[in-house]
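# Residue-level structure breakdown
Okay, here's what each chain looks like letter by letter:
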Amino acid sequence: MKAFDATRVFFDRAADQMDLTANMRELLVTPRREVQVQISFERDNGEIATTMGYRVQHDNSRGPMKGGLRYHPEVNLDEVRSLASLMTWKNAVVNLPYGGAKGGIAVDPNRLSMKELELITRKFVDGIHDVVGPDTDIPAPDMGTNAEVMAWFMNQYGKYHGFSPACVTGKPVELYGAPGREEATGRGVGILAVKLLSRLGRKPQDTRVAIQGFGNVGSHAAKFLHEADFRVVAVSEVSGAYHRPEGLSVPDLIRYCQQHRGGLSGYTEAESISNQQLLELDVEMLIPAALGGVFDRTQAEKVKAPIILEAANGPTLPDADEVFDRRGVIVFPDILANAGGVTVSYFEWVQNRQHYQWSINRVRQELDRVLSDAFEHVWDLAQQRQVSLRTAAWIIGIGRVGRATVLGGIT
Ligand code: NAD
């Protein structure tokens with residue numbers, strides 16, 4: 001199943017609960033605009049390389065569109081379309097004054113030099129600068145991109161439109177970024193994991209966690225869970241997985257990564273296992289924090305964890321979701337689980353517009369407040385309607401976007 005079709009199934013499951021008409025469904029799922037641009041650039045060896053860049057702007061009924069920029073070899077229009085739609089519902093669930101968008105470039109950032117990465121970023125901005133901006137559509141980091149990429153984005157955008165720090169978020173703190181943005185998605189995963197456990201009557205000390213992906217989101221989530229007394233027993237990244245039943249030393253793993261160009265390859269303080277084995281470990285909580293589409297029907301049957309917290313976007317396909325439902329596995333949905341990142345991006349945008357920088361403590365307090373409110377709302381609705389947490393989150397998101405669309409006037 002294609003990524004956008006999978007998103008549509010989740011949309012329809014919630015829309016069925018809301019008795020939404022077919023015409024209204026069509027309006028809400030159809031993206032406002034899709035842009036594809038050619039990106040050709042000179043490689044360090046003098047060869048010319050060409051790839052495609054995408055920006056899908058899904059919905060702007062609640063405010064400027066907002067969503068990450070992904071650099072990954074498998075990026076394609078369908079995936080970006082699905083991720084843009086998820087951003088619309090995510091921003092609405094946490095009640096940020098934003099619509100949803102997403103972008104991506106089909107490249108492997110690990111195979112490009114810094115100079116080449118800078119070139120493709122600037123080329124991409126050349127191609128899309130007239131349809132994005134602080135009041136229109138504001139990109140941010142996602143898989144394969146980071147604060148440095150956002151700094152290049154801002155610099156190139158400024159060449160066309162003048163000084164505009166609010167045109168992109170996730171920038172370096174020294175260059176109009178917000179303290180706490182880099183850790184925000186992982187911190188949010190930690191905040192929500194604590195809340196979820198408390199509602200389930202479980203204790204962090206008795207909760208063994210396995211995390212797929214040890215990049216920005218996975219490593220920060222591991223750090224916060226470790227600090228909150230969870231037992232992080234396994235982590236993986238693209239080159240392999242590492243398991244220690246008594247609990248991994250997360251600070252040690254992070255140090256190792258920093259010293260080895262962001263990778264864990266060669267780490268000897270834990271047993272080396274396959275990425276597949278990590279997904280099937282006997283743990284209490286499994287956190288996908290890498291790619292989408294990790295759980296299909298077959299994989300879902302093999303998962304032993306009773307709780308899945310979706311730090312990645314779109315890790316569960318609809319038929320896997322049915323299997324989890326049937327087996328009583330609690331799935332905490334991506335559109336809330338990883339919303340910490342866009343929430344602090346919103347704080348960064350607010351600070352850029354006010355030319356006033358908040359303290360890290362204020363950022364953390366406000367993040368906690370926004371996510372806690374959203375958690376309570378989703379949890380209560382799921383109990384009231386006797387639906388899954390995913391369906392409850394989508395009902396809230398669709399309800400807010402639908403109301404804004406109607407109030408703004410459709411014709
Ligand atoms: P990243 O590029 O920093 O890290 C990705 C990690 O996944 C790396 O450790 C990589 O080695 C690993 N990985 C890739 N393929 C893998 C595989 N097959 N098996 C195991 N590990 C694999 O990306 P990120 O920013 O941490 O994003 C991860 C996920 O979180 C994505 O789904 C992204 O959309 C989502 N997300 C990110 C943010 C953010 O603020 N960065 C916000 C919301 C959601």
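The sections below set out a description of the structure shown in this document. (Residues numbered from 1 in each chain as written. Predicted model: local features only at pLDDT ≥ 70, side-chain atom pairs only at ≥ 80, totals over all residues. Heavy atoms only, no water.)

What follows covers the site of the ligand. Within the structure, the ligand sits among 23 residues, and Arg 70, Asp 142, Thr 185, Ala 290 and Asn 313 are positioned closest to it. Arg 70 is positioned such that a nitrogen or oxygen atom in its side chain is 2.8 Å from an oxygen atom of the ligand. Val 238 places a main-chain nitrogen or oxygen 2.9 Å from an oxygen atom of the ligand. Contact with the protein chains covers 85% of the free accessible surface of the ligand, which is 820 Å². Those elements that place two or more of their residues in the shell around the ligand are helix H6 (181–200), helix H7 (216–227) and strand E7 (231–237). Residues of the shell around the ligand, tallied by class, amount to nine nonpolar, 10 polar and four charged. (Near = heavy atom within 4 Å. Polar contact = N/O pair within 3.5 Å; in protein donor to acceptor, adjacent residues only side chain to side chain. Areas by Shrake-Rupley, 256 points an atom, 1.4 Å probe, with all protein chains shown as cover. Helix = DSSP H or I, 4+ residues; strand = E, 2+ residues; numbered from the N terminus. Nonpolar A, V, L, I, M, F, W, Y, C, P; charged D, E, K, R; others polar.)

What follows is about helix H15 (residues 389–408). With 20 residues, H15 extends 29 Å between its outermost C-alpha atoms, agreeing within 8% with the 28 Å of an ideal straight helix rising 1.5 Å per residue. Of all 20 residues in H15, 16 are buried, a share of seventy percent or more. Note on H15: the residue one or two positions beyond its end, Gly 409, has a positive phi of about 95 degrees. (Expected span 1.5 Å × (residues − 1). Buried < 20%, exposed > 50% of the residue type's maximum accessible area, 1.4 Å probe, protein only.)

Moving on: the sheet that holds strand E10 (residues 285–288). Strand order across the open sheet formed by seven strands is E9-E8-E7-E6-E10-E11-E12, with mixed pairing between neighbours. In the strand order of this sheet, the two ends are held by strand E9 (271–273) and strand E12 (330–332), each with one partner. Strand-to-strand twist across the sheet, computed as the mean angle between neighbouring axes with direction ignored, equals 20 degrees. Pairing of strand E11 (residues 307–309) with E12 involves three bridges; the strand directions are parallel. Bridge assignment links Leu 309 to a residue of E12, and that residue is Phe 332. (Pairing = 2+ DSSP bridges. Axes fitted to C-alpha atoms, helices over the stretch in contact; angles between N-to-C directions.)

As far as function goes, none of this settles anything; it's purely spatial.
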